[in-house]
Amino acid sequence: MKLAIIAGPASVGKTAVVRQIIREFRESSNPAYVKIDVVRAFEDEELREEFGIPTRKVYSGDLCPDHAGIMVLQDAISWAQNVGSGLLIIESAGLCLRCTPYTTQSFGIAVLSAVSGSNSPLKMAPMIAQADMAVVTKTDLVSQAEKEVFREYIKEVAPSIDIIETNATQGTGMRYLMKALAAYPDLSDAAQIVLRGSPPLGVCTICVGKKEIGWQHHFGVIRPLEEADNIYRGD
Amino acid sequence: MHRDQMSEITVLPGTNRNGKREGFDQIIIRPGDTLSIVGPTGSGKSAFINDIEVLAQADTVTGRRILVNGVPPSDEMARDPSKKPIALITQSTRVIADLDVSRFLELHIEARKQTHIKDLIENTIALANEFTGEQITRAMSMTALSGGQTRALLIADAILIGRTPILLLDEVENAGIFKERVISCIKECRKTVIFVTHDPYLALSTDRRIVMSNGAVVKVLEPRERERATIARVSEIDDLLWDLRERIRSGDLIGEEDAIDEEIGVPA
């Protein structure tokens, strides 16, 4: 099974990118999808209805949504393997731009919007720098010159990152993403997966820099995939 | 291939909105060619030039494929702006970049890996000012430019900074720019140019006219000499309308003596 982790600010078009990925891989890989969000999310229901694929959502509630995603990731991998999926897609809530949810053994995609202002790549530097690919959406709304200027800002943050520009609702330019994702290796040993970067300081064990995925490895407010309530697990 | 080398573009047919194949085998666009794309709103004109800009490989809604010099373009050419032989000026004159004019141009110069940055910025602004009556200065904020100023600057940018052999211009007539000056400049620079246009003068002044309907190319016209007399006439009418427009904009009352000359009137 392959693991793809998709991050990016709210409303940039992450789900539009996910739709294109599902369309491309539905025949070959039976994609499964998990959406992490804070209060409400509808993407799981929409995608299940549209494509008939296994989907789930996790509400982080009082927990940071990226941390909630990391907490449930080990469980989510088991779930996706159990439903016979060949490609698990995790979509972040897209709130904090500091913490990056990408892990080892996964394909990390940062989604940015071409209409979000020239400095936005600088503001979300860690999210871009640790991704495998930056997908710039809504490029149909800006001029070519502006698209190229936006690209320069991304390169300032991550000089060697693979950048694709797309109008994700139509899928223009997405063939490069599909090629890269298809060529990416399957995850080899889920127990060995760790975060690529160190999260910022905080109060839970993910906040303070423990990189293991799965709630079993953490203390404080933790979160399994089943049992949606917050669970406090000692210190 | 370096972008400064001339490139020949081949458009291979896709399908219309009902999935029916388009009515041409291939459209070859050679260096220095001028084409116009005409058809009602929503007929697929912008999609046609967008296919060329993204060097589509059956991965857009139209299903068209684009060849460069007879072969599918390399990924590098399609993805690295400094290697792409094409510049597109979209219909949108919105700019979101919160930068001033000179910083915007500077970043684009870096993206296109050009040198002599200072001179190039000055020359681009000077050329843009030939295309618009509203003066652009280097310290102006990109987001504060008018539609005409933005369009003029982006065309000048495509000619001097993009320096691509192929220019795609989507409804340039809509923003207040001097379109005759733009056309003559493009011709002086020996660019290949494709206009999406509703403007009779622009449409008639190109070598070939592609007619769109329901998302597909339905005709490719090569008028050659047949429309020459009409072009001269349309040009006169255009000058008259330009003059009238300018006077109305500046607050003149248009009197009897200005009544449209019957001699020019409607083309026969």
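Scoring rules and cut-offs
- Residues numbered from 1 in each chain as written.
- Chains lettered and ligands numbered in written order.
- Predicted model: local features only at pLDDT ≥ 70, side-chain atom pairs only at ≥ 80, totals over all residues.
- Heavy atoms only, no water.
- Helix = DSSP H or I, 4+ residues; strand = E, 2+ residues; numbered from the N terminus.
- Rg over C-alpha atoms; globule rule 2.2 N^0.38 Å.
- Buried < 20%, exposed > 50% of the residue type's maximum accessible area, 1.4 Å probe, protein only.
- Contact = heavy atoms within 4.5 Å.
- Areas by Shrake-Rupley, 256 points an atom, 1.4 Å probe, with all protein chains shown as cover.
- Lys, Arg positive; Asp, Glu negative; His and termini not counted.
- Charge placed at Lys NZ, Arg CZ, Asp CG, Glu CD.
- Arc of directions from axis to C-beta.
- Core = buried A, V, L, I, M, F, W, Y, C linked by side-chain atoms within 4.5 Å.
- Pairing = 2+ DSSP bridges.
- Axes fitted to C-alpha atoms, helices over the stretch in contact; angles between N-to-C directions.
- Domains from an automatic or database assignment.
- Buried area = accessible area lost by both parts, 1.4 Å probe.
- Salt bridge = Lys/Arg side-chain N within 4 Å of Asp/Glu carboxyl O.
- Polar contact = N/O pair within 3.5 Å; in protein donor to acceptor, adjacent residues only side chain to side chain.
- Nonpolar A, V, L, I, M, F, W, Y, C, P; charged D, E, K, R; others polar.

S.K.: What is the right way to read the overall build of chain A from this model?
M.R.: Check the secondary structure of chain A and you find seven helices and nine strands. Taken against the 2.2 N^0.38 rule, which gives 18 Å for 235 residues, the C-alpha radius of gyration of chain A at 17 Å falls within 12% of a compact globule. The principal-axis extent of the C-alpha atoms belonging to chain A is close to 55 × 40 × 30 Å. Within chain A, buried positions represent 60% of all 235 residues. Within chain A, residue pairs in contact and separated by at least 24 positions form 71% of the contacts whose partners lie at least 6 positions apart. A total of about 9100 Å² of accessible surface is found on chain A, and carbon and sulfur atoms cover 51% of it. A distance of 2 Å separates the average location of the 23 positive side-chain charges in chain A from that of its 28 negative side-chain charges.

S.K.: How should the overall build of chain B be read in this particular structure?
M.R.: On a plain count of helices and strands, chain B comes out with eight helices and nine strands. Taken over C-alpha atoms, the radius of gyration comes to 20 Å for chain B, in line with the 18 Å a tight globule of 268 residues would show. When burial is assessed residue by residue, chain B has 53% of its 268 residues classed as buried. Excluding contacts between residues fewer than 6 apart, the proportion of contacts in chain B whose partners are at least 24 apart in sequence is 67%. About 12500 Å² of surface is accessible on chain B, with carbon and sulfur atoms providing 51% of the total.

S.K.: Is there a simple way to explain helix H2 (residues 43-51) of chain A in this structure?
M.R.: Residues that lie three or four places apart on an α-helix share one face, since the helix turns once every 3.6 residues. All names here are of chain A. For H2, the set of buried residues is Glu43, Asp44, Leu47 and Phe51. Buried residues of H2, viewed axially, fall in a sector of 95°; they line one side. Buried-residue contacts for H2 involve helix H1 (14-29), strand E2 (31-37) and strand E3 (55-59). Where H2 terminates, the next one or two residues include glycine 52, which has phi positive at roughly 65°.

S.K.: In this structure, what is going on with the nonpolar core? I would like to understand it.
M.R.: Nonpolar side chains in soluble globular proteins generally cluster together in the buried interior. In terms of nonpolar packing, the biggest core is built from 54 residues, with Ile21 and Leu177 of chain A together with Ile9, Val11, Phe48 and Ile52 of chain B touching the most fellow members. With six residues, H1 of chain A is the largest single contributor of residues to this core. Among residues more than four places away in sequence, those in contact with phenylalanine 48 of chain B are Val11, Ile27, Ile37, Arg64, Ile210, Met212 and Val217 of chain B. Among the nonpolar cores identified, the runner-up in size contains 47 residues, and Ile77, Ile90, Val136 and Ile222 of chain A belong to it.

S.K.: Help me understand the sheet that holds strand E6 (residues 166-170) of chain B, please; the structure alone is not making it clear to me.
M.R.: Across a sheet, strands are paired by hydrogen bonds formed along the backbone, either parallel or antiparallel in direction. All names here are of chain B. The mixed open sheet is built from six strands, whose spatial order is E5-E6-E7-E3-E8-E9. The strands lining the two open edges of the sheet, one partner per strand, are strand E5 (86-89) and strand E9 (216-221). In this sheet, adjacent strand axes meet at a mean angle of 20° when their direction is disregarded. Two strands pair when backbone bridges link them, and strand E3 (residues 34-38) and strand E7 (residues 192-196) are joined in this way by four bridges, in the parallel orientation.

S.K.: Looking at this model, I keep getting lost on the domain arrangement of chain B. Mind explaining?
M.R.: How big an interface is tends to be expressed through the accessible area that disappears when the partners come together. Residues and elements named next belong to chain B. By the assigned domains, chain B splits into domain 1 (9-223) and domain 2 (226-260). Its C-alpha centre places domain 1 at a distance of 28 Å from the equivalent point of domain 2. On the domain 2 side, the residues contacting the ten residues of domain 1 number eight residues. Between domain 1 and domain 2, a total of about 840 Å² is buried, with carbon and sulfur atoms accounting for 57% of that surface.

S.K.: Explanation requested: the pairing of strand E7 (residues 162-165) of chain A in the structure shown.
M.R.: Consecutive side chains along a regular strand alternate between the two faces of the sheet. Bridging between strand E6 (residues 133-137) of chain A and E7 of chain A involves four bridges; their strand directions are parallel. Of the residues in E7 of chain A, the one forming a bridge with valine 136 of chain A is glutamate 165 of chain A.

S.K.: How should the interface of chain A and chain B be read in this particular structure?
M.R.: Contact with chain A, which involves 26 residues of that partner, is made by 35 residues of chain B. Here chain A packs against chain B, burying approximately 2500 Å² in sum over the two surfaces, 48% of which is carbon and sulfur. Applying the counting criterion to the chain A and chain B interface returns five salt bridges. A salt bridge links lysine 179 of chain A to aspartate 75 of chain B; the nearest nitrogen and oxygen atoms lie 3.0 Å apart. There are 13 residue pairs in polar contact (both at pLDDT 80 or more) connecting chain A and chain B. Looking at the side of chain A that touches chain B, the elements that each hand over two or more residues are helix H6 (144-157), E7 and helix H7 (175-183) of chain A. Looking at which element gives the most residues to the side of chain A that touches chain B, the answer is H6 of chain A, with nine residues. Broken down by class, the residue content of the side of chain A that touches chain B amounts to nine nonpolar, nine polar and eight charged.

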